[in-house]
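The chain contents come next:
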Amino acid sequence: SAFNLETCARPNILALEPYRCARDDYKDDGTNILLDANENAYGPSLSSTTALPPGNQGPSLDLSTLHRYPDPHQEPLKQLLCNLRTTHAHTSKTLTPANLFVGVGSDEAIDALLRCFCVPGRDKILVCPPTYGMYSVSAQVNDVGLVKVPLLPAPQFGIDVPAVTAALSSSSESARIKLVYLCSPGNPTGSLLHKDDVRAVLEHPTWNGVVVVDEAYIDFSPSPGASLAEWACEWPNLVVMQTLSKAFGLAGIRLGAAFASPAVARLLNSLKAPYNISSLTAGVAEHALSGEAGGGGLARMRESRAKLIAQRERLVREMPRIAGVGRLRGGEDSNFLLYEMLDAEGKPDNVTALAVYEKLAETKGVVVRFRGKEHGCLGCLRITVGTKDEVTRFLASLERTLAEVR
Ligand code: PMP
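Residues numbered from 1 in each chain as written. Predicted model: local features only at pLDDT ≥ 70, side-chain atom pairs only at ≥ 80, totals over all residues. Heavy atoms only, no water.

(A) Region of interest: the nonpolar core. Grouped together as the largest cluster of nonpolar side chains are 58 residues, with contacts concentrated most on L81, L126 and V198. Two domains each provide a minimum of three residues to this core, namely domain 1 (5-21 + 70-289) and domain 3 (299-405). Setting aside its immediate chain neighbours within four residues, V198 contacts I159, L182, L193, V213, L228 and W231. Counting 33 residues, the second largest nonpolar core, distinct from the first, contains A9, L179, M241 and A265. (Core = buried A, V, L, I, M, F, W, Y, C linked by side-chain atoms within 4.5 Å. Buried < 20%, exposed > 50% of the residue type's maximum accessible area, 1.4 Å probe, protein only. Domains from an automatic or database assignment. Contact = heavy atoms within 4.5 Å.)

In structure tokens:
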């Protein structure tokens, strides 16, 4: 590829002198009196200084040090994230904490990448609709333009490689497009992208930019070794984003990660707020990412993932039995499914889909997402896989609602 970090990243970011604090030089190891950071020496305003996980099992969280600023680097947490993604299936190299940026959800990584690479008012990102909405929202916030190259039609929803390649080769656009955001498995498509297609974009011979693969839903894919995180050891122009919000069930703590080359990770870390990850978030995340030996949450993640996949398979079996439900439009690699609603003639129908969406919420108390305004998703609802009881209630409510809107 033609990637060159020195000419691709924003000059002001490359020249940035990152924020430093005294604790970069003198550690909080119990031997020093810390009078450097204007913290409250008498400790947190809390009546209890331990928080126990539900059921009082496993390690408790220590709240007694919450008067201190958190670790700006989060190396132990980053090591656990590396361990999770190290398979050596794609490379003999090993991911290390130097490959990581951790943020307030992957939403922070989406934004940090824009601030790192795109000059406001000048540069652009390329997105492939239908896709996750925050790429374009974050681009607008940063005054960065959008180039849209739609995915191939349903049900594959693959990358249109010739069209993406053409956009990245265009004499007027190529130098302005700094980032390509790919979502795999896609939201709202639910489909894993083909590795060869991602590689084709990474290998573009003349384009000087970064390919961002958003793997928020990767753990729900049945394909073994689906994650491209380890490719960050090989490709200097690849960033792979992940999150604890989905398979790990920790959307509330806000923890996202971006795997990148050490050079790109260093640049992303240089521009973040120094204490972006709270001590509470880091403590809970480390607990969740630890194995059974440490009383950790990895086994719990695998259990809940298996249950969600069973309910996803049940939806795939039972949805076609409901009159008015058309085809499954996307893939089965996520914890949601995209279905189209049909009109009386059996054609995809946005009016029906919108009516079903509203009636489900207003008369049945079941909230799904209407996606029918997005490219290639006419008449589509996106349904998150719930618990067994929730799926039972959803199926019954959908059947009744479809009968009512007719
Ligand atoms: N990427 C995709 C594709 C998503 O669907 C979402 C959440 N809906 C995110 C990223 C954001 O996740 P986080 O909670 O890590 O910010």
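Next, the rest of the story.
(B) The arrangement of the sheet that holds strand β5 (residues 145-148) in detail. Taken in spatial order, the seven strands make up an open sheet running β3-β9-β8-β7-β6-β4-β5, and their pairing is mixed. The open sheet is flanked by β3 (100-103) and β5, the only strands paired with a single partner. Recorded for the sheet is a direction-independent mean angle of 25 degrees between the axes of neighbouring strands. Examined bridge by bridge, β3 and strand β9 (residues 256-259) share four bridges and lie antiparallel to one another. Bridge pairing in β9 links V102 to A257. On top of the sheet, helix α3 (residues 75-85) reaches β3, β8 (238-243) and β9; it is set at about 115 degrees to β3, its chief contact. (Pairing = 2+ DSSP bridges. Helix = DSSP H or I, 4+ residues; strand = E, 2+ residues; numbered from the N terminus. Axes fitted to C-alpha atoms, helices over the stretch in contact; angles between N-to-C directions.)

(C) Summary view of helix α9 (residues 279-289). Those residues of α9 that sit buried are T281, A282, G283, A285, A288 and L289. The elements touched by buried residues of α9 are β2 (61-62), α3 and α10 (298-318).

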